[in-house]
Amino acid sequence: MHFTARAHTNIALLKYWGKADTAIITPTTTSISLTLDEFYTDTTVWFDESLTTDKFILDNEVMTGHALQKVSQFLNVVRRQADITSYASVISTNHVPTAAGLASSASAFAALAGAASKAAGLDLTLTELSRLARHGSGSATRSVFGGFAQWTPGDDTTSVGSPLLADADWPIQLMTVVINDQQKAVGSRAGMQHAMATSPFYDLWVKTANEQVNQMITAIHNHDITTIGQIAEANALQMHATNMTAVPPFNYLTDKSWEVILMAQELRQKGIPVYATMDAGPNVKLISNPADTEVIKESLLSVVSDNQIINAHPGPGIQINAGDSIC
Ligand code: DP6
């Protein structure tokens, strides 16, 4: 049976930056995210007894090496859980603007978990799917859910994602400012481990992030964009501070990233609530109210060009269909 799943990317408002257990991928802190409508991955999987190895096609390209190995390792988890031995064909398409550097392991592994589990004959709940997706990539635990979601530390059973506010049907948006579409020098997996192992600020990061969890949950339930933005920007800068203070230091943010971050801070001086958050790369995401789109865009256009700005809103949770496409 062929199954196809669509999972959207998410942006962490409280970041996951460090693993308590690298083998089963559990985090040191609770992370909280917003799933986005604009960017998603569609993945079709079928198990086939005639195959002698797993096959993986990504964006029409046959994948080999590390990319295939990561998918195969994840399929091993699915095979163990479903008690099957056949290899699988995996066809994946990232729906992100061409070369925007926004393809994400979160949507990729959430979609793979959804399609592969069904194709293997498993019928998992969303919580079980989130747990399975975690074995591919930590941030994928949250992409199973729509709207706001959180992922908590714990053991193999308890460290799962859960919905915080699935229908985020109030005005909040995320303007993604694409600064650079190049492959990053330090991937998030290596980066977070290095920061955790060597930054003297890492323990402070954990302590501060723990304090931010309840504040963020309250702000989300109050639909309070200003407080959400304040905490998210502080959390992102604190995460990047662990990288800049690692030994040796590393850094994802470029001069352009800082121009956008400072532009947001200047707009706030003028009374516009707009806040920046950045992941393991130079792109900046601006949290704001849709009513302020034009004024923010006008400022942004003095720093970047129009085609570098993509506006996203809360997106849905995972969809899974029998067959080769999402209807
Ligand atoms: C900065 O989920 O890509 O985007 O679990 O090693 O695959 P692995 O890491 P990944 O890390 C995401 C880091 C982040 C913050 C976040 O999404 O919470």
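Residues numbered from 1 in each chain as written. Predicted model: local features only at pLDDT ≥ 70, side-chain atom pairs only at ≥ 80, totals over all residues.

Overview of the overall build of the chain
The helix and strand tally for the chain stands at nine helices and 14 strands. Rg of the C-alpha trace for the chain: 19 Å, near the compact-globule value of 20 Å for 327 residues, within the 12% margin. Overall size of the chain, expressed as C-alpha extent along the three principal axes, is 65 × 40 × 35 Å. Taken over 327 residues, the chain has a buried fraction of 48%. Within the chain, contacts between residues separated by at least 24 positions form 74% of all contacts whose residues are at least 6 apart in sequence. (Helix = DSSP H or I, 4+ residues; strand = E, 2+ residues; numbered from the N terminus. Rg over C-alpha atoms; globule rule 2.2 N^0.38 Å. Buried ≥ 20, exposed ≤ 12 C-beta atoms within 10 Å, placed from the backbone. Contact = placed C-beta atoms within 7 Å.)

Digging into the site of the ligand
Neighbouring the ligand are 13 residues; A12, Y16, S137, G138 and S139 lie closest to it. Residue classes in the shell around the ligand are distributed as four nonpolar, six polar and three charged. Taken together, domain 1 (3-169) and domain 2 (173-312) each give at least three residues to the shell around the ligand, which thus spans both. (Near = placed C-beta within 6 Å. Nonpolar A, V, L, I, M, F, W, Y, C, P; charged D, E, K, R; others polar. Domains from an automatic or database assignment.)

Quick look at the domain arrangement of the chain
For the chain, the assigned domains are domain 1 (3-169) and domain 2 (173-312). Taking only C-alpha atoms into account, the centre of domain 1 sits 23 Å from that of domain 2. In this complex, domain 1 contributes 24 residues to the contact, which on the side of domain 2 involves 32 residues. Contributing elements (two or more residues each) for the side of domain 1 that touches domain 2: β1 (3-14), β4 (31-48) and β9 (161-165). In terms of residue class, the side of domain 1 that touches domain 2 is built from 15 nonpolar, five polar and four charged.

Re the confidence of the model for the chain
Low-confidence regions, as indicated by low pLDDT, have predicted coordinates that should not be scrutinised in detail. Averaged over all residues, the pLDDT of the chain equals 95, while 98% of them reach at least 70. Listed scores for the predicted complex are pTM 0.96 and ipTM 0.99. (pLDDT = per-residue confidence, 0-100.)

As for the sheet that holds strand β10 (residues 173-177)
Strand order in the open sheet formed by four strands is β11-β12-β10-β13, with antiparallel pairing between adjacent strands. Strands at the two margins of the open sheet, each flanked by one partner only, are β11 (274-277) and β13 (309-312). Averaged over all pairs of adjacent strands, the angle between strand axes in this sheet comes to 25 degrees, irrespective of strand direction. In this structure, β10 lies alongside strand β12 (residues 284-288), joined through five bridges in antiparallel fashion. In the sheet register, V177 faces β12, and the bridge partner there is V284. Most of the contacts of helix α9 (residues 293-300) go to β13, to which it runs at about 160 degrees, and overall it touches β10, β11, β12 and β13. (Pairing = 2+ DSSP bridges. Axes fitted to C-alpha atoms, helices over the stretch in contact; angles between N-to-C directions.)

Quick notes on the packing of helix α2 (residues 105-119) against helix α3 (residues 126-134)
Contact geometry of α2 with α3 gives a least axis separation of 9 Å together with a crossing angle of 120 degrees. The orientation of α2 with respect to α3, classified from their angle, is oblique. Judged by the sense of rotation from one axis to the other, the crossing of α2 with α3 is right-handed. Between α2 and α3, the contacting residues are F109, A110, A113, G114 and S117 on the first element and L129, L132 and A133 on the second. Class assignment for the residues of the contact of α2 with α3 results in six nonpolar, two polar and no charged. (Parallel < 35°, antiparallel > 145°, perpendicular 65-115°, else oblique. Left-handed = near helix turned anticlockwise from the far one by under 90°.)

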